[in-house]
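An overview of the molecular structure
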Number of protein chains: 2
Amino acid sequence: MGKRNLYLNNTPVEEARIIYKNALKGRIKMECEEISTEKSLGRMTKEAVFAVCSSPMFNAAAMDGIAVIAERTKGASEREPLELKKQEDYIIVDTGDPVKYPYDAVIMAEDVIECGDGTVKILEAAAPWQHIRPVGEDIVAGEMLLSGMHKIRPIDIGVLFSGGITRIKVVKQPKVAIFPTGTEIIEPGTEPREGDILESNSRMFEAMVVSYGGAAHRFSPIEDDYKKIKEAVLNAVDHFDMVLINAGSSAGTEDYTVHILRELGEVLVHGVAIKPGKPVILAVVKEKPVIGLPGYPVSAYIGFENFVKPILAMFTGEHGYENNKEKAVLSKRLVSSLKHKEYIRVKVGEVDGRLVASPLSRGAGAAMSLVRADGFCVIDQNSEGVEAGETVTVELYRSLSEIRHTLVSIGSHDLILDLIGDFMSCNDPGIYMSSTHVGSMGGLMALKRGEAHMVPTHLLDEESGVYNLPYLARLFQEPMAVVKGVKRIQGLMVQKGNPFHIKGIEDLTKCRFVNRQRGAGTRVLFDYQLKRLNLDPSLIAGYDREASTHMAAAALVASNSADAAMGIFSAAKAMDLEFLPLGEEEYDFAVPVKYLDLPQMRSFLRVLKSEELHRRMDQIGGYQYDLAGEIWYL
Amino acid sequence: MGKRNLYLNNTPVEEARIIYKNALKGRIKMECEEISTEKSLGRMTKEAVFAVCSSPMFNAAAMDGIAVIAERTKGASEREPLELKKQEDYIIVDTGDPVKYPYDAVIMAEDVIECGDGTVKILEAAAPWQHIRPVGEDIVAGEMLLSGMHKIRPIDIGVLFSGGITRIKVVKQPKVAIFPTGTEIIEPGTEPREGDILESNSRMFEAMVVSYGGAAHRFSPIEDDYKKIKEAVLNAVDHFDMVLINAGSSAGTEDYTVHILRELGEVLVHGVAIKPGKPVILAVVKEKPVIGLPGYPVSAYIGFENFVKPILAMFTGEHGYENNKEKAVLSKRLVSSLKHKEYIRVKVGEVDGRLVASPLSRGAGAAMSLVRADGFCVIDQNSEGVEAGETVTVELYRSLSEIRHTLVSIGSHDLILDLIGDFMSCNDPGIYMSSTHVGSMGGLMALKRGEAHMVPTHLLDEESGVYNLPYLARLFQEPMAVVKGVKRIQGLMVQKGNPFHIKGIEDLTKCRFVNRQRGAGTRVLFDYQLKRLNLDPSLIAGYDREASTHMAAAALVASNSADAAMGIFSAAKAMDLEFLPLGEEEYDFAVPVKYLDLPQMRSFLRVLKSEELHRRMDQIGGYQYDLAGEIWYL
C-alpha cells in the first residue's frame, strides 16, 4: 500500500496549543514599524502615544461674539449699560478664534447691542474666562493619547492629528506564506481534467490571515514531491514569519509534510483530538512556526481557527476576535466521542423569543455547511454528547441582530426557495431567510419542536389525494396556515438520450437508481407510486442510496454515478438531463398563524407574490404560481 | 457683527433622517462592479452567486484504501476471506482520488490485508457507494452559493473558488469627497502659527467612510472663501457619489456652507435637535447628497454617525454596523433638555458583576472623551434626564469582553497612571485599565457607589497629618486595602524665569492663579496651606478658576493664561515650567479587599512593582517608589 504514515497522535486541543505556544515563546517577537497616521486605521499601537501639541493650542473663543477684558466690564447692568469701543475694549471673535492677553472673557453675540459706529453696549459684566476654551482643554501636550497595544479606530485618528502626531509606531503585520500542495490540485480558472480538484483552501486562509491582522502571501500549488515541498518550506522560513502548508497533513501515501518538517525542524504535535481537524501538524523550522493543515475545507477552517489564529495573535497582539457566545436550545440530540473535542456547525434561529440551535451536516468536506451555519456548538472531549432540548453555548459568527431578522425555514428544498431568500435580502436589506433542507416531514417535526417559522412541504395524503393540509390537521393543535406556493412537475430524471429506455417507474429495475432521503416529499410520492404499481422496492438497485436534495440527485445522474432519480423539472433542466413527467404536485409553506405577521414573514410573502419571482420561475420552467402567496387558514 | 446666519432649525433627529432619506430615494442607486473573487473579502454581493461546477467534481474516495466493485466483494467474511487482484478487482486510492465506473465502493486501508504480489484479502463485503463522496456532495453546479446583499467572509471565498467562481459582482463602494474648510485650518505636519488649528476631523471622516464600506477622498483644507468652496462643491458632485463639508455648518460670520448649498441645490435640513451635533446641514446638489458637518470633533463624530452613516448604507447596503447595546446602571444623575436628543459619552465598567455607566465630559470639543469613552448613553428628546442608579441602555463601541477585562480606576490623576495602564495592556494583552480623573474625593465617592475597582488618592488628613488611611477608615464599612503607590513632590508651577518672583503661597496674591477642582487632593493640600498661613482665598485672583488635571493646570501657566498653579513636579517638567517644591505627599491606591484578586488587579500590581515602571519614574523625576505595590490592610 506504499509508505503510509498511519501514526497520528490524538493530543487534546488545549494541550496541543500550550505545547506549541510554549515552544514559540521567545521565538516570536512582536515587531514594530512606523507608518503615517492616516494609514493607521485598524492597526495596533506598539507603544503609548503622547501628544506633541495641545488642543486647543491657544485660549479660544467658545462662542461667536466679542472678546473683552473682564475687569473692564464690571458694573454693567440693564439699568446702566456699558459702552465698549472696538479694538480698545473688545475685538470680534468667532468660535475657535484665539483670545489673547489682555482679553480674558467672551460675550456671546446675542448679548451684545450694536451701536453702529463700532461701539457696542453690554447689559451684564463678563466673568473672567467665560466662554473661553482654555489651551489644552481637550488635549494637553505630553498627555498620553493612546496606550500601547490599542487598536486604532477612526476617532483615535482624529485625536492623533489634533495632538500633532503624523507618524505612529504600530505592530508590524506578520508575513504568512501559504502553500497549497497536492498533485491533483489545480488553480481555479484553469480547465479541470478528470480527478483535478479546484484549489480553494489557500484562498480562504489568505482571507483569514488578513482578517486576523496578518499579511498573506499565497503561493501556487506545489505537486506532491518531497524535494519541491522541502525547498519551498526552507525558502519560506527565511522570508516569512509563519508558514502554512495545506493538505498533506493526514496519513495518506503522498502525505510528505510531516516527514519534511521532521527533517527540517521539530514537529511538536501531529494529530489533535479535534473533529473535524484532526490531522494538524504544529512544527518549528528555523525558529519559525510552520503549521500543516488538513485538506478538507471544514477541517482546514477549524484547524486554522484553533491553531493558526492564536499564533497570529502572538505576532499581532490582537485579542478582539472572539466569537460572540450565546445560549441556545439544542434541537436534536448530539452524540460525540470521548476521543475528541467536536465542532458542530449549527443554524441558529430566534423562534418564539428563544434561540434554537439546529445541527448541520458533520462531514469535514461540507464547506457549504460552514457557509450556511450561523456558528458552532462545541462539544468538549470529556462529553459524550448533549440531549435535545438542553441549553448549549453557541459560538456565533453571525450577529445576533441578523439572526433576529431571519426567517427560519426548515423542510423540503426547491430552487425557488433560494431565489426567494435572495430577493428578500435584496429588497429588504437587513432581512434574511435561512433554509435547511431535511425534507417535508423533517421540517414539520422541526416546526413542532419550535425550531422553525415555516416549512416548505409537498406531502401527498394517500387517502384523500390532497397535498399538505391533511398532514397539518393531523400534526398540529395550534392555529396553522398554509401559504400557497407553486405547483411543480415531478418526474424521472435520466441521462441524455435515455440510454436505458426508461418510460416509467416500472422500468427502474433495469438500471442504477438513486433515491431521496426518508421524510422527503419526493420519496413519499415515489413510495406511493411503487405501491400503486405493486412493485417491490428491493427490486430497484439503489433504493437505499439517498441524496438529500433534487439537485444532488440530479448531479449523481449527470455524472453517471446513477442512471435515474426522481425529482423536479427545474433540477433536471439545471443539470441538462432528460425528464419524464409523472405528475403535478403542490409545494406549499406551512406556517403557524402566530408567525404570519413577523417582518421577515411579510417580506417573504411580498416576494412570493412579486412579478420579479414569477418572471424567474417562467425562465426556469415547470412552475405554476397562480395561487402563490394566498393564505389558507386551517 | 458681520453677516451672521443665526437661524438654525431644531428638526428632531429621526424626522431629519426621514426627510433626507426620502429626498434621496430614487436618486441614490446601488451600483455594481465585477472584481476577482480573491479580492472580495468584506465586499457585499450585488446579486446571488450560483456555482458553475460541483464539488467534488467526481465521485471521490473519502478514505485512503482501495476502490472495488461492490458486487464482486459479496460473500467475503473472516472465515472465507476474498482475494482481490490489483487493476482487475481493485485500484489503490487516496482520499480525494476519483472513483470511476465500474468501481463503486472504497475499502479502508486498515481493512485490507496485503499478500505481497499485488493481491489483497478482505474479510468483509463492501456496500455499494461506501466511503465515497458523491459528486456534488458539497456543492452542486447551479446551486446558489451566496445570496445577493451578502457580506463576503473568508469561508465564502473558499466556497466560491470550490464552485468555480473566480470573478464576482459586488456592490460598488460609493466615492465620498471630504472637504475641510476654514481659513484657520492647517494641515497636520506644517508648523502652526498663532490661531491656527490642526485639521483632524477630515482624517477621522476618511477612516469612518472606509470603515463603513465607502471609498474616501480627502481634499486639502479650503479657506473661508465663498467662491472657492462653491467651486469645490460643484466640481465634486460631478465626480463623487457623496460630498462632506466640514465646519462652516454653524452660524458664525464665515459660515458660508449653507448659503452655498442653497444656491447650488436644495437644503432639506439645517439644524437638528441633537447634542452635540446640532449644526448639521443635509442638502442635495445635482442629485447627490451633500452634508455639512460641525467643526467640533464630538459634534462631527455624532453628526457623521447619525446622518452620513445611514446615507452611506443606501449606497452599500451595509446593515451590520450597529453598536452593541447593553443595560448598565447610571452612576450620576443626567439632566437633559427637551430641546434635543443628547448623546452622552460614558465609561462603562463591570464592577461586582454589574455594568456601571459613568458619564464623561459633555463638551463638544472634548475629542479625548470620545477616545476614553466606551460608548454612548442616548437621552431621548422627550426626556428631561435620568436619575442616578437607574438602568440605562448604553451603545457600546468597545466589546463587552474588553470591558470585562478592564480595571476601572476613578480618582486623582498622575502621569504614572497612564504609564501603568500602558504597561498593563502591553504585558498582559487583553487586559486594560480605564482611568477617569475626578480627584481623590470624587473617586472615593464613586467607589462607594460601586463604580470603580480602585481609587488613586492623595488626601491629607489635617488632624493626623496622615495620608489616605484616615479617609478610608472614615468612609468605608467593608474591608479595604491601601496599595502603596509613590511619594511625589507637590509645589507651585510658574513660568520660566519666575517673572512674578513667587517664593511661596503667600506671593500668589500678586499674580493670576489657576486652582484645581473641588475634591482634588491638590486642592485639599492648597486649602490646608492657606489655612496654615491664615490667608483669605478671595485675595487670590483665580482661586475659583479650575483646571481638572495637573497637566491642564500646567498648560494654562505655560500658555501665559495664568501665572501660577499648584501641581506635581512631573507636570511642571513636562510643560517646561519652573517648580517651587512645597512638600512631599503620598499618592496611593484605595482598593476594596474583594477586588485584590481580580486578574486585572494582579496585572496592575505586577506593573506597579516592576523595574520597567520604576525606570520610567526615574526618567521623569520627582517620584519615590520604595513601597510601591505593598498592600496595607485596614
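Residues numbered from 1 in each chain as written. Chains lettered and ligands numbered in written order. Predicted model: local features only at pLDDT ≥ 70, side-chain atom pairs only at ≥ 80, totals over all residues. Heavy atoms only, no water.

Observations concerning the overall build of chain A
Tallying secondary structure elements over chain A gives 16 helices and 38 strands in all. Relative to the compact-globule value of 26 Å for 634 residues, chain A shows a C-alpha radius of gyration of 34 Å, a clear excess of over 25%. When the backbone C-alpha atoms are referred to their principal axes, chain A occupies close to 115 × 70 × 45 Å. Looking at chain A as a whole, 59% of its 634 residues qualify as buried. Contacts spanning at least 24 positions in sequence make up 76% of the contacts within chain A whose residues lie at least 6 apart. Per element, the accessible surface of chain A, about 25200 Å² overall, is 49% carbon and sulfur. Distance between charge centroids for chain A: 6 Å, based on 72 positive and 86 negative side chains. (Helix = DSSP H or I, 4+ residues; strand = E, 2+ residues; numbered from the N terminus. Rg over C-alpha atoms; globule rule 2.2 N^0.38 Å. Buried < 20%, exposed > 50% of the residue type's maximum accessible area, 1.4 Å probe, protein only. Contact = heavy atoms within 4.5 Å. Areas by Shrake-Rupley, 256 points an atom, 1.4 Å probe, with all protein chains shown as cover. Lys, Arg positive; Asp, Glu negative; His and termini not counted. Charge placed at Lys NZ, Arg CZ, Asp CG, Glu CD.)

Some remarks on the interface of chain B and chain A
Taken residue by residue, the interface counts 103 residues in chain B and 103 residues in chain A. The contact between chain B and chain A buries some 8500 Å² in all, and 66% of this surface belongs to carbon and sulfur atoms. Counting across the chain B and chain A interface gives six salt bridges. Across the pair A:Glu38 and B:Arg203 runs a salt bridge whose closest N-O atoms are separated by 3.1 Å. The tally of links between chain B and chain A comes to 18 residue pairs in polar contact (both at pLDDT 80 or more). At eight residues, helix 2 (residues 154-162) of chain B tops the list of elements feeding residues into the side of chain B that touches chain A. Classifying every residue of the side of chain B that touches chain A by side-chain character gives 57 nonpolar, 23 polar and 23 charged. (Buried area = accessible area lost by both parts, 1.4 Å probe. Salt bridge = Lys/Arg side-chain N within 4 Å of Asp/Glu carboxyl O. Polar contact = N/O pair within 3.5 Å; in protein donor to acceptor, adjacent residues only side chain to side chain. Nonpolar A, V, L, I, M, F, W, Y, C, P; charged D, E, K, R; others polar.)

A short note on the relation of the copies chain B and chain A
For the pair chain B and chain A, the best superposition has an RMSD of 0.1 Å and corresponds to a rotation of 180 degrees with a translation of 0.0 Å parallel to the axis. Here the transformation between the copies is reduced to the relation of a two-fold axis. Across chain B, the rotation axis passes nearest the C-alpha of B:Asn324, at a separation of 5.6 Å. When the interface residues of chain B are mapped onto chain A, 100% of them again fall at the interface, so both copies present the same face. (Least-squares fit on C-alpha atoms with pLDDT ≥ 70 in both.)

Considerations on the sheet that holds strand 5 (residues 82-85) of chain A
Residue and element names in this part refer to chain A. Reading across from one edge, 5-9-8 is the order of the three strands in this open sheet, with antiparallel pairing throughout. Every interior strand has two partners, whereas the edge strands, strand 5 and strand 8 (112-114), have only one. Recorded for the sheet is a direction-independent mean angle of 35 degrees between the axes of neighbouring strands. The pairing of strand 8 with strand 9 (residues 119-122) spans three bridges and is classified as antiparallel. Bridged to valine 112 within strand 9 is isoleucine 122. (Pairing = 2+ DSSP bridges. Axes fitted to C-alpha atoms, helices over the stretch in contact; angles between N-to-C directions.)

Some words on the pattern of salt bridges
Applying the stated rule across the entire model yields 83 salt bridges over all chains. For B:Arg372, the salt bridge goes to A:Glu143, with nearest N and O atoms at 2.4 Å. Residue B:Arg372 is located in helix 7 (residues 367-372), and its partner A:Glu143 is located in the loop between strand 10 (132-133) and strand 11 (144-146); the two belong to separate chains. On the basis of relative accessible area, B:Arg372 is assigned to the partly exposed category, the value being 27%. On the basis of relative accessibility, which here comes to 11%, the residue A:Glu143 falls in the buried class. Its salt-bridge partner being B:Arg398, residue B:Asp374 comes within 2.8 Å of it at the nearest N-O pair. Of the two residues, B:Asp374 is situated in the loop between helix 7 and strand 26 (375-379) and B:Arg398 in the loop between strand 28 (391-396) and helix 8 (400-404); the sequence distance between them amounts to 24 residues. Residue class for B:Asp374 comes out buried when judged on its relative accessible area of 1%. Taken together, the shared-partner salt bridges in this structure form one network comprising A:Glu38, B:Glu187, B:Glu199, B:Arg203 and B:Arg218.

Here's the deal with the sheet that holds strand 13 (residues 175-180) of chain A
All names here are of chain A. A sheet is described by the order of its strands in space; here six strands give the open sequence 16-13-17-21-20-18, paired in mixed fashion. Looking at strand neighbours, the two that pair on one side only are strand 16 (215-218) and strand 18 (266-270), the edges of this open sheet. Between one strand axis and the next, the sheet turns by 20 degrees as a mean value, whatever way the strands run. Where strand 20 (residues 281-285) and strand 21 (residues 288-293) come together, five bridges link them in antiparallel fashion. Among the inter-strand pairings, isoleucine 281 is bridged to a residue of strand 21, identified as glycine 292.

Section: the packing of helix 9 (residues 415-427) of chain A against helix 15 (residues 599-608) of chain A
Residue and element names in this part refer to chain A. As a packed pair, helix 9 and helix 15 sit with axes 9 Å apart at the nearest point and diverge in direction by 115 degrees. Looking at the two axes, helix 9 sits roughly perpendicular to helix 15. Crossing of helix 9 over helix 15 shows right-handed handedness. Across from Ile420, Phe423, Met424 and Asn427 in helix 9, the residues of helix 15 making contact are Gln600, Ser603, Phe604, Val607 and Leu608. Partitioning the contact of helix 9 with helix 15 into residue classes produces six nonpolar, three polar and no charged. (Parallel < 35°, antiparallel > 145°, perpendicular 65-115°, else oblique. Left-handed = near helix turned anticlockwise from the far one by under 90°.)

Here we look at unusual backbone geometry
Looking along the chain, the bond that leaves A:Ser55 and enters A:Pro56 is cis, with omega of -5 degrees. Relative to the elements of secondary structure, A:Pro56 occurs in the loop between strand 2 (49-50) and strand 3 (60-61). The peptide bond linking A:Lys275 to A:Pro276 adopts the cis configuration, its omega dihedral lying at -10 degrees. For A:Pro276, the position within the fold is in the loop between strand 19 (274-275) and strand 20. Non-glycine residue B:Trp129 carries a positive phi angle of around 70 degrees. On the secondary structure map, B:Trp129 appears in the loop between strand 9 (120-122) and strand 10 (132-133). Backbone geometry at B:His131 places phi at a positive 55 degrees, although glycine is not the residue there. Tracing the backbone shows B:His131 in the loop between strand 9 and strand 10. Owing to a relative accessible area of 29%, B:His131 belongs among the partly exposed residues under this scheme.

What to know about the environment of A:Leu244
Residues and elements named next belong to chain A. Along the chain, leucine 244 turns up in strand 17 (residues 242-246). Judged by relative accessible area, leucine 244 falls into the buried class, the value being 1%. On a C-alpha basis, the gap between leucine 244 and isoleucine 291 in space is 4.9 Å, while along the polypeptide they are 47 residues apart. The contact partners of leucine 244, leaving out residues within four places of it in the chain, are Val176, Ala177, Ile178, Phe179, Phe205, Val209, Ile291, Phe304 and Val308.

With respect to the packing of aromatic side chains
Under the counting rule described, the total for this entry stands at 28 aromatic pairs over all chains. An aromatic cluster is built from A:Tyr301, A:Tyr343, A:Phe376 and A:Tyr397, whose rings are joined through pairwise contacts. Sitting over the face of the ring of B:Tyr432, B:Arg398 holds its NZ or CZ atom 5.2 Å from the ring centroid. A cation over an aromatic ring shows up here: B:Arg545 above the ring of A:Trp129, its NZ or CZ 3.5 Å from the ring centre. (Phe/Tyr/Trp six-rings, centres within 6.5 Å; stacked < 30°, edge-to-face > 60°. Lys NZ or Arg CZ within 6 Å of the ring centre and 35° of its normal.)

Things to note about the environment of A:Asp352
Residue and element names in this part refer to chain A. With respect to the secondary-structure elements, aspartate 352 resides in the loop between strand 24 (341-351) and strand 25 (354-359). Relative accessible area serves as the criterion here: at 52%, aspartate 352 is assigned to the exposed category. Separated by 100 residues in the primary sequence, aspartate 352 and alanine 452 place their C-alpha atoms 9.1 Å from one another. Contact partners of aspartate 352, with chain neighbours within four places excluded, come to Lys594 and Tyr595. One polar contact links aspartate 352 to lysine 594, side chain to side chain, over a distance of 3.0 Å.

Notes on helix 4 (residues 226-239) of chain B
Residue and element names in this part refer to chain B. Between its first and last C-alpha, helix 4 extends 21 Å over 14 residues, near the 20 Å set by a 1.5 Å rise per residue. Residues of helix 4 that are buried: Ile229, Ala232, Val233, Ala236 and Val237. Each buried residue of helix 4 sits inside an arc of 125 degrees when the element is viewed along its axis, so together they form one side. Exposed and facing more than 90 degrees away from the buried side of helix 4 are Lys227 and Glu231. (Expected span 1.5 Å × (residues − 1). Arc of directions from axis to C-beta.)

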